[in-house]
Amino acid sequence: MKIPFNRPPVVGKSSEYMAEVLASRRHSGDGKYARMCAEWIEGVVCRGSVQAGTMQGHVASEASALMTTSGSHALDMAAWLCGIEPGDEVIMPSYTFSSTANAFVGRGATIVFVDVRPDTMNMDEGLIEAAITPKTKAIVPVHYAGVPCDMDEINRIARAHGLKVVEDAAQAVLSTYKGMPCGGLSDFGCFSFHETKNFSMGEGGALVVRRKEDRERAEIIREKGTNRSKFFRGEVDKYTWVEWGSSYLPSEFLCAHLWGQFEMAGEIVRDRLASWHLYYDGLRGLGLDGEGVIDLPYIPENCKHNGHLFYVKAKDACERDALLAWLKQEGIGAVFHYVPLHSAPAGQKYGRFCGEDRYTTKESERLLRLPMFYGLKEDEIAYIVGKVKEFYAGDKE
Ligand SMILES: *Cc1c(COP(=O)(O)O)cnc(C)c1O
C-alpha cells in the first residue's frame, strides 16, 4: 500500500465552476465566487452559522472577511493593520510556520517567542504576561492542528495591556472555542487555503477583521493602496492612491475551486474527523500511550477541532526518526513538523525566546504527523495503525 501524506480535495462542482469562470471572461479578483467565498466565511466566522449546523455562539456581527492570495498575505495585512512599527515586539509561539513571524518581521518588529503547552502544542497562555514589555504591540496565537488556543485568557491579557490579537487560524477553519468559531475570536483572523489545508485553492487565504475601520483599510491595502473598492460600490466618484498597499486579491478561478469545497464543507470536516477518531481509537487500542511509549493528541474541554491533522509523539527524537523511516519504508507518507523558529537562522536574527524552552524543542522533536486528507480510507488507517504496532512490537523483542 502507498498512502501519501496529503491529497488535496478535488470535489463537488469545482471544475464546473472553474469552467464557468473561464467562459465568463471575468477572471480577476473580487468576482462572484470571491464574494460567495467571503460571505460563506463571514457566515461561519462572524455569525457562527454553518451549513454543517454544529455551531452556536455569536461573534461581533460587524466582522467581515476578505479573500487573499495566501494565509501568509492575510498575516502580512494583519501586521500592517495592527500598526506595527520598527522596534515593536510581538509575542508568538516558536513552534509555528515562518509566515507567522515574517508578517511582523517585515514591519520591523522583534519576535518574542514563548514556550508551548506540551498537551496541545499551542502557545502557553500562562507564559504570555511575563513576555510583555513596554514595546509589546500584539499577541499572535496559532491554533495548531486546528485545536483552539485558550482565547479567553489571551484576550483578557491583551485587553489588560492594550495589545492587539491576531489569530493565526491557518489550520483552524471550522474549529470552535466555547462554541465560537476560530478566526473570529480576536482583532484579526488569518485563514489559509493552501493545498495542505482542509479547504484548498492551491494557494490562497482570507483575512477576517472585526471593525469597520479595519475593513476599509484592509480593502485599500489589498487593492494596491487605492480606494478602488469604495469606487466600485459607488461611494466615491473616482479612485486614487491613498495608502501603502499591494495586490492580495486571488483570481476568480481559485475562488471557484474553493467554492466547490465550501458547498460540501460539512461533509469534508465530518470525513476528516472520522479519520481522526479512527486513528485515535486504533492507536489507543495498542496500549502504548500513557506508558511513555507514545503520546496521542489532546483536545481541551470546550474546544472542537476540525480534523486538520493527526500526530503522535514518540519517546524522543531518535525513536521518532526511526518510526518515520519505518513508516516511509512501508509506503506511508508520515512527516515531522516545524523546526522551532527560535533555533532557525532568521529566528535568531529577528527574535528571542522569553523564559525557558521547556517543551518547544523537546516536544517538536518527538512529533510525527500521519497521513490526513479528505477521502482517506478506513482500511488505509487500519494499515497505518498496524504498521505503528509492528514497529513497537519489533522494538520490544
Ligand atoms: C499554512 C500556514 C500558514 C501560511 O499559509 P499559506 O497560505 O501557505 O501562506 C501560516 N501559518 C500557519 C500556522 C500555517 O499552517
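Residues numbered from 1 in each chain as written. Predicted model: local features only at pLDDT ≥ 70, side-chain atom pairs only at ≥ 80, totals over all residues. Heavy atoms only, no water.

Engineer: If you had to explain the overall build of the protein to someone new, which residues and values would you point to?
Structural biologist: Looking only at helices and strands, the protein features 14 helices and 13 strands. For 397 residues, the compact-globule formula gives about 21 Å, and the C-alpha radius of gyration of the protein, at 21 Å, lands near that figure. Reported as C-alpha extents along the three principal axes, the dimensions of the protein are approximately 80 × 55 × 40 Å. Residue burial in the protein is summarised as follows: out of 397 residues, 55% are buried. A separation threshold of at least 6 residues defines the contact pool for the protein, and within that pool the share at least 24 residues apart is 71%. Here the protein contributes 46 positive and 54 negative side-chain charges, whose respective centroids are spaced 4 Å apart. (Helix = DSSP H or I, 4+ residues; strand = E, 2+ residues; numbered from the N terminus. Rg over C-alpha atoms; globule rule 2.2 N^0.38 Å. Buried < 20%, exposed > 50% of the residue type's maximum accessible area, 1.4 Å probe, protein only. Contact = heavy atoms within 4.5 Å. Lys, Arg positive; Asp, Glu negative; His and termini not counted. Charge placed at Lys NZ, Arg CZ, Asp CG, Glu CD.)

Engineer: Explain helix α9 (residues 252-262) residue by residue, including any values.
Structural biologist: Counting buried positions over the eleven residues of α9 gives nine, a clear majority of the element. Along α9, the residues classified as buried are E252, C255, A256, H257, L258, W259, G260, Q261 and F262. Measuring from the side-chain oxygen of the N-cap residue of α9 to the backbone nitrogen of F253 gives 3.0 Å; that N-cap residue is S251. (Polar contact = N/O pair within 3.5 Å; in protein donor to acceptor, adjacent residues only side chain to side chain.)

Engineer: Pulling in residues and values, what's your account of the nonpolar core?
Structural biologist: Of all hydrophobic cores here, the largest spans 50 residues; its most connected members are I41, M67, F191, F193, F199 and F262. With eight residues, helix α2 (residues 32-46) is the single largest residue contributor to this core. Those residues in contact with F199 that lie beyond four places of it in its chain are V173, L174, S192, F193, H194, L258, Q261, F262, A265, I268 and V269. Judged by nonpolar contacts, the second largest core, of 31 residues, contains V90, A101, A109 and L341. (Core = buried A, V, L, I, M, F, W, Y, C linked by side-chain atoms within 4.5 Å.)

Engineer: Explain a nonpolar patch on the surface residue by residue, including any values.
Structural biologist: On the surface, F231, F232 and Y239 cluster together into a nonpolar patch covering about 310 Å² of accessible area. Structurally, the position occupied by Y239 is in the loop between α8 (228-232) and α9. Classification of Y239 by relative accessible area gives partly exposed; the value is 38%. (Patch = residues over 30% accessible without salt bridge, like charges linked within 9 Å, V, L, I, M, F, W, Y side chains within 5 Å. Areas by Shrake-Rupley, 256 points an atom, 1.4 Å probe, with all protein chains shown as cover. Salt bridge = Lys/Arg side-chain N within 4 Å of Asp/Glu carboxyl O.)

Engineer: Residue-level account of empty space enclosed by the protein, with values.
Structural biologist: If you walk through the whole model with that rule in mind, you get two cavities of 30 Å³ or more. Approximately 50 Å³ is the volume attributed to the largest cavity. In terms of lining, the largest cavity is formed by T120, A145, V147, W276, P297, Y298, H305, L309 and Y311. Taken together, the residues of the lining of the largest cavity sort by class into seven nonpolar, two polar and no charged. Roughly 40 Å³ of volume is contained in the second largest cavity. For the lining of the second largest cavity, a count of residues per class yields four nonpolar, five polar and one charged. (1 Å grid on protein atoms, 1.4 Å probe; cavity = no way out; pocket = protein on both sides within 12 Å on 5 of 7 lines; lining within 4 Å. Points joined across faces, edges and corners; volume = space filled by probe spheres on them. Nonpolar A, V, L, I, M, F, W, Y, C, P; charged D, E, K, R; others polar.)

Engineer: Lay out the sheet that holds strand β1 (residues 64-68) in plain terms, naming residues and giving numbers.
Structural biologist: Strand order in the open sheet formed by eight strands is β1-β9-β8-β5-β4-β2-β3-β12, and the pairing between neighbours is mixed. Looking at strand neighbours, the two that pair on one side only are β1 and β12 (351-353), the edges of this open sheet. Between one strand axis and the next, the sheet turns by 25° as a mean value, whatever way the strands run. Judged from the five bridges that link them, strand β8 (residues 188-192) and strand β9 (residues 205-209) form a sheet pairing that is antiparallel. For S192, the partnering residue across the bridge sits in β9 and is G205. In the packing of helix α4 (residues 98-105) onto the sheet, the strands contacted are β2 (89-93), β3 (110-114) and β5 (164-168), and the crossing angle to β2 comes to about 180°. Seen against the sheet, helix α6 (residues 151-161) touches β4 (136-139) and β5 and runs at an angle of roughly 150° to β5. (Pairing = 2+ DSSP bridges. Axes fitted to C-alpha atoms, helices over the stretch in contact; angles between N-to-C directions.)

Engineer: Got a sec to walk through the packing of aromatic side chains? Specific residues and values, please.
Structural biologist: Applying the stated criterion across every chain yields a total of 17 aromatic pairs. Pairing W80 with W244 gives two aromatic rings, centres 4.6 Å apart and planes at 35°, and the pair type is tilted. Highlighted residues: W80 in helix α3 (residues 71-81) and W244 in the loop between α8 and α9, separated in sequence by 164 residues. On the basis of relative accessible area, W80 is assigned to the buried category, the value being 15%. With relative accessibility at 39%, the residue W244 sits in the partly exposed group. Consider the rings of F391 and Y392, whose centres lie 4.9 Å apart with planes at 90°: the pair is edge-to-face. (Phe/Tyr/Trp six-rings, centres within 6.5 Å; stacked < 30°, edge-to-face > 60°.)

Engineer: An account of the pattern of salt bridges is needed here, citing residue identities and associated values.
Structural biologist: For the coordinates displayed, the defined rule picks out 28 salt bridges. When the shortest N-O distance is used, the salt bridge between E363 and K362 registers 3.9 Å. Here R366 makes a salt bridge to E363, at a shortest N to O gap of 2.8 Å. Placement of both R366 and E363 in helix α13 (residues 360-366) is noted, with a separation of three residues, approximately one turn of the helix. For the pair R366 and E363, a shared accessibility class is recorded, and that class is buried. Among the ionic contacts, a cluster of salt bridges with common partners joins E42, R215, E219, R233 and E235.

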